[in-house]
Amino acid sequence: SSSAAADGDRRRTRVLVVGSVNIDDAVRVQRFPGPGETVGARSADTALGGKGANQAVAAARAGAEVRMVGAVGAGDGGPLLAALDADGVGTAGVARLDGVPSGRAFVFIDDAAENSIVVVAGANRAIPDAAVQEACRTLGPGDVVLLQNEVPAATSRLAAGLAREAGAAVVWNAAPAPESSEELVDGHDLLLVNEHELGRLATLLGAADIPPALNSNSGTRPAAVPRTGSEGTAPIRPTGIETPVDRLVAAVAAATGADVICTLGAEGAVYRVGGETGRAAARRVEAVDTTAAGDTFAGYFAALAELPLRERLRRALDAASLAVTRPGASASIPHRDEVRRLNA
Ligand code: ADP
Ligand code: NA
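Rules behind the numbers
Residues numbered from 1 in each chain as written. Chains lettered and ligands numbered in written order. Predicted model: local features only at pLDDT ≥ 70, side-chain atom pairs only at ≥ 80, totals over all residues. Heavy atoms only, no water. Core = buried A, V, L, I, M, F, W, Y, C linked by side-chain atoms within 4.5 Å. Buried < 20%, exposed > 50% of the residue type's maximum accessible area, 1.4 Å probe, protein only. Contact = heavy atoms within 4.5 Å. Pairing = 2+ DSSP bridges. Helix = DSSP H or I, 4+ residues; strand = E, 2+ residues; numbered from the N terminus. Axes fitted to C-alpha atoms, helices over the stretch in contact; angles between N-to-C directions. Near = heavy atom within 4 Å. Polar contact = N/O pair within 3.5 Å; in protein donor to acceptor, adjacent residues only side chain to side chain. Areas by Shrake-Rupley, 256 points an atom, 1.4 Å probe, with all protein chains shown as cover. Nonpolar A, V, L, I, M, F, W, Y, C, P; charged D, E, K, R; others polar. Salt bridge = Lys/Arg side-chain N within 4 Å of Asp/Glu carboxyl O.

**Q** I keep staring at the nonpolar core and nothing clicks. Help me out?
**A** Generally speaking, a soluble globular protein has its nonpolar side chains buried in company with each other. Counting 48 residues, the largest nonpolar core has V66, I261, F297 and Y300 as the members making the most contacts within it. Excluding residues within four positions of it along the chain, V66 makes contact with V15, V17, A56, A59, A60, G88, V89 and G90.

Below, the structure is given as structure tokens:
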């Protein structure tokens, strides 16, 4: 198709992910055990995980040229690096540390597809500054640096500062939710959060109230709702600030000076980008495992930086909605052709 040809002509977006790499132990249970209770598992699987690695894989599957900075244990990190390599993610910036275990996540998934996760930080806590500095040396305008909140904030802030100096865009997925203002990464251009993380950030930033002047799209609302022709395509349209979530998104955007996108699970997402507030619906799917939904959205959104906002949002939402129809973390992240076919 002509759009495939256009995609082929475009320079691939270069994405540098600075973040966590984990061994994920995914254990399926009928229901979560209560305190003092033991339950049997339906199944258990070990795979590559960590928000950083998942987002790197998502960005690579979306078609970007991806490099990763992080750290794994020298003893147990081999399979993690091999899994990143298999997706074409550059791992030269992932340090192999002696005497430290790789990060590990124990992920419990119940029959309602909810997950409950315990994370051991391990090597993720000790990413060498030199690895960040070395990887950021080749950044330039048009590149995207993608950060999360599973490595020390000092590491993320170092990367954000170097990225800005180089003219690269900084996308911060503030997940898991920061516990204190010490974990805030300033100097980002775009903040990606879910509803819970949004609430926490608003509190930490003291941004719970928005000035009345922000309570509109300041004349940017178009007369007609844009629609695409294909059936089942999620509508994406400016709404103005209507709901409490819209108000929080606008407040956090005002407090940080950055664009904000808040994903809402099956409800899709609210965005405030370039001063426009709008809503994007998610595709209706049958969710079996929501692990890595947010990571799929973040990796795709970072990777598709060259697309117009609506197209970028739709592909990222569609990719995330596909991911929840499949078990697993990185294993469930779709390739760009699968996402494209949804709207073919
Ligand atoms: P997180 O996993 O970070 O909490 P969300 O739950 O908001 O993130 O999900 C991120 C994206 O994944 C959503 O915006 C949506 O595109 C997709 N998604 C998640 N859950 C569902 C669902 N039940 N049905 C359809 N899409 C979903
Ligand atoms: Na999944």
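Let's pick the thread back up.
**Q** Mind showing me how you'd approach the sheet that holds strand β5 (residues 90-97) here?
**A** Two pairing modes exist for strands in a sheet, parallel and antiparallel, and in both the strands are linked by backbone hydrogen bonds. If you walk across this open sheet you meet the 10 strands as β5-β4-β1-β8-β9-β10-β12-β13-β14-β11, and the pairing is mixed. Of all the strands in the sheet, the pair left with one neighbour each is β5 and β11 (236-238). Ignoring which end each strand starts from, the neighbouring axes of this sheet average 15 degrees apart. As defined by bridge partners, strand β8 (residues 144-147) adjoins strand β9 (residues 169-173) across four bridges and the pair is classed as parallel. Pairing of V145 across the sheet is with V170, part of β9. Where helix α2 (residues 51-61) meets the sheet, it contacts β1 (14-18), β4 (65-73), β8 and β9, and its direction lies at approximately 160 degrees from that of β4. The sheet contacts of helix α3 (residues 78-86) involve β4 and β5, and relative to β5 the element is tilted by about 175 degrees.

**Q** Got a minute to help me understand the site of ligand 1 in this structure?
**A** Around ligand 1 lies a shell of 16 residues, among which N194, T263, G265, G268 and S321 are the nearest. Side-chain polar atom of S321 to a nitrogen atom of ligand 1: 2.9 Å apart, as the coordinates give it. Here ligand 1, which alone exposes 550 Å², has 82% of that area covered by the protein. Mapped by element, the contributors of at least two residues to the shell around ligand 1 are α8 (293-303) and α9 (309-323). If you tally residues by element for the shell around ligand 1, the top one is α9, at three residues. Tallied by class, residues from the shell around ligand 1 come to nine nonpolar, six polar and one charged.

**Q** Help me out: how do you make sense of the pattern of salt bridges in this one?
**A** If the charged atoms of two oppositely charged side chains come close together, the side chains can form a pair. Following the criterion strictly, the structure yields 16 salt bridges and no others. Here the salt bridges do not stand alone but share partners, grouping R11, R14 and D143 into one network.

**Q** It is not clear to me how the side chain of S332 should be interpreted in this structure. Could you clarify?
**A** Following the sequence through the fold, S332 ends up in the loop between α9 and α10 (336-342). A distance of 3.5 Å separates a polar atom in the side chain of S332 from the backbone oxygen of A323. A distance of 2.8 Å separates the side chain of S332 from the backbone oxygen of A329, its partner in a polar contact. Excluding anything up to four places from it in sequence, S332 contacts T291, A323, R326 and P327.

In short, geometric facts, not functional conclusions.
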